[in-house]
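# Structural features, examined
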Amino acid sequence: MSHPAAAPKRSGRAPWTLRRRLVLTVVGLLALVSIVIGAVSVAILRGSLVDRLDVQLASAAGRSGSVIGGDGDNDNRGFFIAPTADAILRGPAQPPGLLALVFDGSTITTGYTDNESGAIRTLEPRQVQLLADHIKQSTPVTVDLEGSLGQYRVVAETSRTGTLYLVGLPLSGVNSTATQLAAIIAFVSLAGILLVAALAAWIVRFALRPLQRVTETASRVASLPLDRGEVSLVDRVPEADTDARTEVGRVGLALNRMLDHVDLALETRQASERKVRQFVSDASHELRTPLASIRGYSELTRRSGQELPPDAMHALGRIESESIRMTGLVEDLLLLARLDEGRELELEPVDLTRLLVDAVSDAHAAGRDHVWNLDLPEDPIQAIGDPARLHQVLANLLANARVHTPAGTTVTVALAAENDRAIVTVRDDGPGIPEELQTTLFERFARGDTSRSRDSSRGGTGSTGLGLAIVQAVVVALHGDVTVSSEPGRTEFRVSLPLA
Ligand SMILES: Nc1ncnc2c1ncn2[C@@H]1O[C@H](COP(=O)(O)OP(=O)(O)OP(=O)(O)O)[C@@H](O)[C@H]1O
Ligand SMILES: [Mg+2]
C-alpha cells in the first residue's frame, strides 16, 4: 500500500494566505475610511472659510459702493470722487488683496492691491475679460484669474449712482489652509495605517496560531505508517484548541473526534489481525504433532520388513513424502506467523562468508545440473542477524534459482561490503520472472503459473509461494532489505544487511 502523498504540488501563482488577506483587507478599509473622513473634513473647512470670506466680501462691497456712490465722508467733504477701481482700492478700511472692477457706462477700470507690497496694480486684459463675464453676478462666485493671481471670490453690485462695479478677495488663504489640513490628515492617516497594519499582522498571526497547531497535529498523524503493524494514535490537538465556541476550536474538535474514530478502527483492525496471526500460529503448531505421527508411522510401516504389495509401498512412500512437504509448509507458516508477531530474532554477529559457502555447497549437491559460482571478498564479512534464519534466506533464494530455471543455468552468489551494509546477491541467467509477478513477488503464496502446475504429486517440487515471503519477513526483521531485478537472462536478488 502506498503511503499517503505529501501536499500536492500546484502550479501557477501562489494564492494569498489568510493572514495576508486579513491584513490587507483591514488596511484597505482603514485607508478608505481615512480618505472619506479627510475629504469631508477638508470640504467642510473650506466651505466655512469661503463663507467667512463671502461675509468680508459683502462688507468690502458695501464700503466700495459708498466710495464710488458719493456717500459718507467723501460726500461730506464735498469732493467728487470719480467712479474708478483705484478709488475703491484706496477707500477706507479695505481688506488687503482686494480686487476691483468698475464700469461707469463707457470705460472699465480695474486694479488690485498686491498682498505683499500693498501697491495697487492693474489687471491684464485677459483677466479683465474673465471678470467682465461676471459683472451681473449679485451673489459671490469663484473665478480663476490664472497666472499669479489665482482664484478669487467676486461679487458684483450697482452703486447708488448706477455705476456697475465688482469686488473680489483672493481665495489663496482659504486654499492654503485647506491644503495644509489635507496634508496633515494624509500624514496622520498614513502613520495610523502603518501602525494598524503592523498590529493587524501581529494579531492575525496570534489568532491563527491554534490553526497552525491543528495543522501540525494533522501532519504528524498523516506521517504515521497506519497501514501496517501495531500503531496507536495518541497524538491529539491540544485541549486549548478544541473549544467549540471558536471556529478554530471546532476544527480542532472535529480533528480529534476523527482521530478517536480512526484510532478505534485501527485497534479493531489490529485486534483482528492479532487473532488471525494467533490462529495461524496455533494451528501450525498443533499440526506439527499429528504430522510427525503420520510420517513416523508410514516410515515405520515401510521399514517393518513385512511383505507389502508394490501399490501399498508406493502409497506409503507418497504419504511419507507429502507429510514431509506438509511439515515444511507448516514450519513456514509458523515462522511467518511468529515474524508477524514481531518476536525478536536472535541478533548476533554471523559470518556471512561461511554461511554462503555452506549454502552454495548444499545447493550444488541438490542441483548438479546447474553451474554454481561463488564470488567472495578476501576478508570475511560479518553481519548482524540470526544464523538459522539467514541460512534459510539463502537456501530459499538458491532453491528458487535452482527450481525455477532450466538445467545448465549459471547461478552466481556474491558477497560484498558497501558502506555499513553487507550485500549478498544471488544472480542467475535463467528465463527471468514474469513482469506481472514481479510486483507481488514477495507476497505470501505468490508464485508463477509454471510453479503452480508443479504439483508434487506429479513429481514436481511442490512450490507453495512462501519462500520469498519468508526471505523478506526475515530480512526486514533483521533491519535489512531485499530487492529484485529481473529480465530474461538475468535475475538478481539483492539482500542488504547491517554489518557487524
Ligand atoms: N530465480 C528465479 N527465476 C525465475 N522465477 C523465479 C525465480 N525466483 C522466484 N521465481 C518466481 O517467483 C515465484 C515465487 O517464489 P517463491 O520462492 O516465493 O515461491 P515458490 O518458489 O514458488 O515456492 P516455495 O519457495 O514456497 O517452495 C516462483 O513461483 C517463481 O515463479
Ligand atoms: Mg521458492
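These numbers were taken from a predicted model, which means no experiment stands behind them.

## Focus: the confidence of the model for the protein chain
Confidence along the protein chain averages 88 in pLDDT terms, with 93% of residues attaining 70 or more. Under a pLDDT of 50 for its full length, residues 72–76 has, in the predicted model, four contacts with residues more than four places off or in other chains. Taken together, the stretch residues 452–460 has pLDDT below 50 and engages in 15 contacts with residues farther than four places along the chain or on a different chain.

## As for the sheet that holds strand S4 (residues 141–144)
Pairing in this open sheet of six strands is antiparallel, and the strands run S3-S2-S1-S6-S5-S4 from one edge to the other. Because the sheet does not close on itself, it has two edges, and the strands there are strand S3 (120–121) and S4. Pairing geometry for strand S5 (residues 151–158) and strand S6 (residues 164–170), over seven bridges, is antiparallel. By the bridge assignment for S6, Tyr 152 is matched with Pro 170. Lying over the sheet, helix H1 (residues 18–69) contacts strand S1 (99–103), S5 and S6, oriented at roughly 145° with respect to S6.

## Examining the domain arrangement of the protein chain
Domain assignment breaks the protein chain into domain 1 (16–220), domain 2 (224–343) and domain 3 (348–498). Here the C-alpha centre of domain 3 lies 99 Å away from the C-alpha centre of domain 1.

## Concerning the environment of Leu 169
With respect to the helices, strands and loops of the structure, Leu 169 is situated in strand S6. A residue is classified by how much of its surface remains accessible, and Leu 169, at 2% relative accessible area, is buried. In this structure, the C-alpha to C-alpha distance between Leu 169 and Arg 277, residues 108 residues apart in sequence, is 105 Å. Excluding its chain neighbours within four sequence positions, the residues that come into contact with Leu 169 are Leu 53, Gln 56, Leu 57, Pro 95, Pro 96, Leu 98, Tyr 152 and Arg 153.

## Comments concerning helix H7 (residues 310–340)
Its 31 residues place the ends of H7 45 Å apart at the C-alpha level, agreeing with the 45 Å of an ideal helix rising 1.5 Å per residue. All of the buried residues along H7 are Leu 316, Glu 320, Ser 323, Thr 327, Val 330, Asp 332, Leu 334, Leu 335, Leu 336, Ala 337 and Leu 339. Close packing links the buried residues of H7 with helix H6 (247–303), helix H9 (387–403) and helix H12 (467–477). The positive-phi residue at the C-terminal boundary of H7 is Gly 342, with phi of around 75°.

## Considering the side chain of Thr 405
Along the chain, the position of Thr 405 falls in the loop between H9 and strand S10 (410–418). Overall, the relative accessible area of 10% leaves Thr 405 in the buried class. A polar atom in the side chain of Thr 405 sits 2.8 Å from the side chain of His 370. With residues up to four places along the chain from it excluded, the contact list for Thr 405 reads His 370, Asn 400, Asp 428, Gly 430 and Pro 431.

## Some points on the pattern of salt bridges
If you walk through the whole model with that rule in mind, you get 21 salt bridges. The partner of Asp 114 in a salt bridge is Arg 121, and the shortest N-O contact between them spans 3.0 Å. On the basis of relative accessibility, which here comes to 19%, the residue Asp 114 falls in the buried class. Taking relative accessible area as the criterion, Arg 121 reaches 36% and is therefore assigned partly exposed. Linking Arg 220 and Asp 235 is a salt bridge whose minimum nitrogen-to-oxygen distance equals 2.5 Å.

## Considering the pairing of S1
By the criterion of burial, S1 is predominantly enclosed, with four of the five residues buried. Pairing of S1 with strand S2 (residues 108–113) involves five bridges; the strand directions are antiparallel. Residue pairing for S2: Leu 99 is matched across the bridge by Tyr 112. If you look at the hairpin formed by S1 and S2, you'll find four residues sitting between the two strands, and Gly 105 has a positive phi there, around 105°. As paired elements, S1 and S6 share five bridges and run antiparallel to each other. The residue of S6 that forms the bridge with Leu 101 is Leu 166.

Cut-offs and rules
For every chain, the first residue of its written sequence is number 1, and the numbers climb from 1 along that sequence. Labels follow written order: the first chain is A, the first ligand is 1, and so on. Reporting in this predicted model follows two pLDDT cut-offs: at least 70 for local features of residues, and 80 or more for side-chain atom pairs to be given and counted; totals over whole chains, interfaces and linings ignore these cut-offs and use all residues. Only hydrogens and water are removed before side-chain values are computed, so all heavy atoms of the structure are retained for them. A residue's pLDDT is the predictor's confidence in that residue, given on a scale from 0 to 100. Residues are treated as being in contact if the distance between any of their heavy atoms lies within 4.5 Å. At least two DSSP bridges between two strands are required for those strands to pair. Where helices and strands are cited, they refer to DSSP runs of H or I of at least four residues and of E of at least two residues respectively, numbered from the N terminus. Only C-alpha atoms enter the line fits that serve as axes; for helices the fit covers just the stretch in contact. Angles between N-to-C directions range over 0 to 180 degrees. Each domain's limits were defined by an automated method or a database of domain assignments. For every residue, the accessible area (1.4 Å probe, protein chains only) is compared with the maximum for its type, and the residue is labelled buried under 20%, exposed over 50%, or partly exposed between those bounds. Helix span is expected to be 1.5 Å times the residue number reduced by one. Think of a polar contact as two N or O atoms within 3.5 Å of one another; within protein, one of them needs to be a possible hydrogen donor and the other a possible acceptor, and neighboring residues in sequence only count if both atoms come from side chains. Each salt bridge in this description consists of a side-chain nitrogen of Lys or Arg and a carboxyl oxygen of Asp or Glu lying within 4 Å of one another.

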